[in-house]
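# Coordinate analysis (summary)
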Amino acid sequence: MKSKSIRKEDVNPNLLIYGKRLKDMNYTVQELSEILGVKPRYIREYLIGRKGAPVQPKANLKGQVFINGKELYEWAVEFHKKKLEKKEKNALKENEFLCCHCQKHVVPEAFSVEMSASGTPFRKAFCPICGSRINRYLKKKD
Ligand SMILES: [Zn+2]
């Protein structure tokens, strides 16, 4: 479930692959969808609506939105780069836990190792900031 959300937060890889073909000119959502091999809805609702991909300030009379191909590609590359950096930054260090309440990496004073119902060992501790219970599941190599 975790990896799914990370993937979803990144841009569709097609944007980085086929985006190179886009020229410094205006495209409609439909045209982009065909060039990039992604659904028009993905471009309209996700990229533009939710992630703020750049669009041209004026729509045409039909209310169609135009997107500059080169700008979109550069935006996608930047978005992907930031995503990778964030992922790197989000990696926990050996002694860190993620507190879901504080949305921060924290280092508790102490922790105990427990076993989940499914037999996976995890570290249990309390957040030094808010006192919430925090768990960290151990990877196989730990
Ligand atoms: Zn906390």
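The rules behind each value
Residues numbered from 1 in each chain as written. Predicted model: local features only at pLDDT ≥ 70, side-chain atom pairs only at ≥ 80, totals over all residues. pLDDT = per-residue confidence, 0-100. Helix = DSSP H or I, 4+ residues; strand = E, 2+ residues; numbered from the N terminus. Pairing = 2+ DSSP bridges. Core = buried A, V, L, I, M, F, W, Y, C linked by C-beta atoms within 7 Å. Buried ≥ 20, exposed ≤ 12 C-beta atoms within 10 Å, placed from the backbone. Contact = placed C-beta atoms within 7 Å. Axes fitted to C-alpha atoms, helices over the stretch in contact; angles between N-to-C directions.

## Details of the confidence of the model for the protein chain
Averaged over all residues, the pLDDT of the protein chain is 89; the fraction at 70 or higher stands at 92%. Ranking the helices and strands of the protein chain by mean pLDDT puts helix α3 (residues 29–36) first, with 96, and helix α1 (residues 2–9) last, with 50.

## Points about the pairing of strand β7 (residues 133–137)
Judged from the 5 bridges that link them, strand β6 (residues 121–126) and β7 form a sheet pairing that is antiparallel. Of the residues in β7, the one forming a bridge with Ala125 is Ile134.

## Observations regarding the nonpolar core
Within the largest apolar cluster, 15 residues are counted, with the highest numbers of intra-cluster contacts made by Leu32, Leu72 and Ala76. At the level of elements, α3, α4 (40–50) and α5 (69–90) are the ones that each hand at least two residues to this core. Per-element tally for this core: the top contributor is α5, with 4 residues. The residues touching Ala76, leaving out its near neighbours within four places in the chain, are Val11, Leu15, Leu16 and Gly19.

## Describing the sheet that holds β6
Taken together, the 3 strands give an open sheet; going across it, the order is β5-β6-β7, and neighbouring strands pair in antiparallel fashion. A strand with exactly one partner marks an edge of an open sheet, and here the two such strands are β5 (112–115) and β7. The mean inter-strand angle of the sheet, taken between neighbouring strand axes irrespective of direction, is 35°. Taken together, the 4 bridges between β5 and β6 define a ladder with antiparallel strand orientation. Across the sheet, Met115 pairs through a bridge with Pro121, a residue of β6.

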